[in-house]
Amino acid sequence: MGELKKVFIITGESSGDKHASGVARELFSLNPDIQIEAVGGENLRKAGVKLFSDQKKMGAMGLTPKVIIDHIFLGAKIVNYLKNVFKPDLVLLVDYGAFNLAISKRLKKAGIKTFYFIPPQIWASRKWRLNTVKKNIDKVLTIFPFEGDMYNKAGVENTYVGHPLVKELPGKANRAEFFKRHNLDLNKKLVSIFPGSRMFEIKHLMKIFLNAAKLIEKMHGDVQFVVSHAENLDEDVFNGFSCPYKTIKGENHALLSVSDALILASGTVALEAALYKTPMIIAYKGPLFFYLVYLLVRSIKKACLVNIITEKDIVPEFLMFNATPEKIAGEINNILGNEKVKMLQRSGFDEVEKLLSDKHCVEEAAKIINKELV
């Protein structure tokens, strides 16, 4: 029998922890003797991975001096442990670009082989980060089919493994059961509002979304609204917005799957909605300064993942000054009242599913890592 192989995984947020735990489980099934340690959370722990550190310090948002200092110290602690104690055969970075790209420089200096699973969306903005990847990452495991071109041109070794959402997404909820449980009217159409999972998103979008809902109500008597309350946010997050609608916490997937139309803050949620084939609009608004910076660093003009993947305008996008209650209400009315509009969106969603679902993401990733270790 060969020597014991060791892998160290670094994640920063709960989604990364979830995706990484799938890869860890597959690695254990391919090689029961493998030793895996990680910076992660409950999902990795439940998969049988020993945690070097949990994600509490990693998940802090913003660029405050405390967050930066915490990250610097944690980075130094991790590299010191890997070089002098654990001595892994391979480090797997998962998502969380700011921290993981920074630590990749130290790992390279230490001569540690490093793979990146779910790399930062360099194709969308901050193209200069490609140089960091080229210098420090041995192989990138991409989750979008179009990413390969960029890495090939830059001379970065990469393999497309498929998107983790395709296999992780729960099946559609039972509409009648869901409506009954939440006292919703089965005879009315359901429009669900997803104002985001970060406070600054809610601050900039909630009022706009609620005003759009009021306008839709005036035009449609047979519509009801629900606001999704992200699991990570406090109970009182919507206080101060005078929200007249039912809020449902921690049932995002069920809500996405049983709705007739969706008003979404831009993000991965649009991809989840597309896989459930639920028509939608996306909107985004933030501080003007950040928007101006974004305009300087972006590499593409589309914001919705559905539109980026298909290279078509499938989902209406209302960004910054375009994110008005009137425009959003008009497009939702269009979706609710026009079968052709719904069908056009759904054919785009079929295309997305086709492009993303030809591989079992975590299985593919684990096979590639295991092959590297053998």
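Conventions and cut-offs
Residues numbered from 1 in each chain as written. Predicted model: local features only at pLDDT ≥ 70, side-chain atom pairs only at ≥ 80, totals over all residues. Heavy atoms only, no water. Axes fitted to C-alpha atoms, helices over the stretch in contact; angles between N-to-C directions. Helix = DSSP H or I, 4+ residues; strand = E, 2+ residues; numbered from the N terminus. Parallel < 35°, antiparallel > 145°, perpendicular 65-115°, else oblique. Left-handed = near helix turned anticlockwise from the far one by under 90°. Contact = heavy atoms within 4.5 Å. Nonpolar A, V, L, I, M, F, W, Y, C, P; charged D, E, K, R; others polar. Phe/Tyr/Trp six-rings, centres within 6.5 Å; stacked < 30°, edge-to-face > 60°. Lys NZ or Arg CZ within 6 Å of the ring centre and 35° of its normal. Polar contact = N/O pair within 3.5 Å; in protein donor to acceptor, adjacent residues only side chain to side chain. Core = buried A, V, L, I, M, F, W, Y, C linked by side-chain atoms within 4.5 Å. Buried < 20%, exposed > 50% of the residue type's maximum accessible area, 1.4 Å probe, protein only.

**Quick look at the packing of helix α5 (residues 129–136) against helix α6 (residues 147–154)**
Interhelical geometry of α5 versus α6 gives an angle of 65 degrees and a closest axis separation of 11 Å. One finds that α5 runs roughly perpendicular with respect to α6. Here the hand of the crossing between α5 and α6 comes out right-handed. Of the residues in α6, those in contact with Leu130, Val133 and Lys134 of α5 are Met150, Tyr151 and Ala154. The residue makeup of the contact of α5 with α6, split by class, is five nonpolar, no polar and one charged.

**With respect to the packing of aromatic side chains**
A full pass over the atoms with the stated rule returns eight aromatic pairs. Cluster of aromatic residues (ring-pair linked, three or more members): Phe8, Phe52, Tyr81 and Phe86. Lying across the ring of phenylalanine 86, lysine 6 places its NZ or CZ 5.2 Å from the centre.

**As for the side chain of serine 257**
Tracing the backbone shows serine 257 in helix α10 (residues 252–258). A distance of 2.9 Å separates the side chain of serine 257 from the backbone oxygen of alanine 254, its partner in a polar contact.

**Things to note about the nonpolar core**
Among soluble globular proteins, nonpolar side chains are generally buried collectively. In terms of nonpolar packing, the biggest core is built from 93 residues, with Ile9, Leu92, Phe117, Leu264, Met280 and Ile369 touching the most fellow members. No other element matches the seven residues that helix α16 (residues 361–373) contributes to this core. The contact partners of methionine 280, leaving out residues within four places of it in the chain, are Leu262, Leu264, Ala270, Ala273, Ala274, Val306, Val315, Pro316, Ile335, Gln345 and Phe349. In terms of nonpolar packing, the next biggest core, distinct from the first, is built from 33 residues, Ile193, Met206, Phe318 and Ala329 among them.

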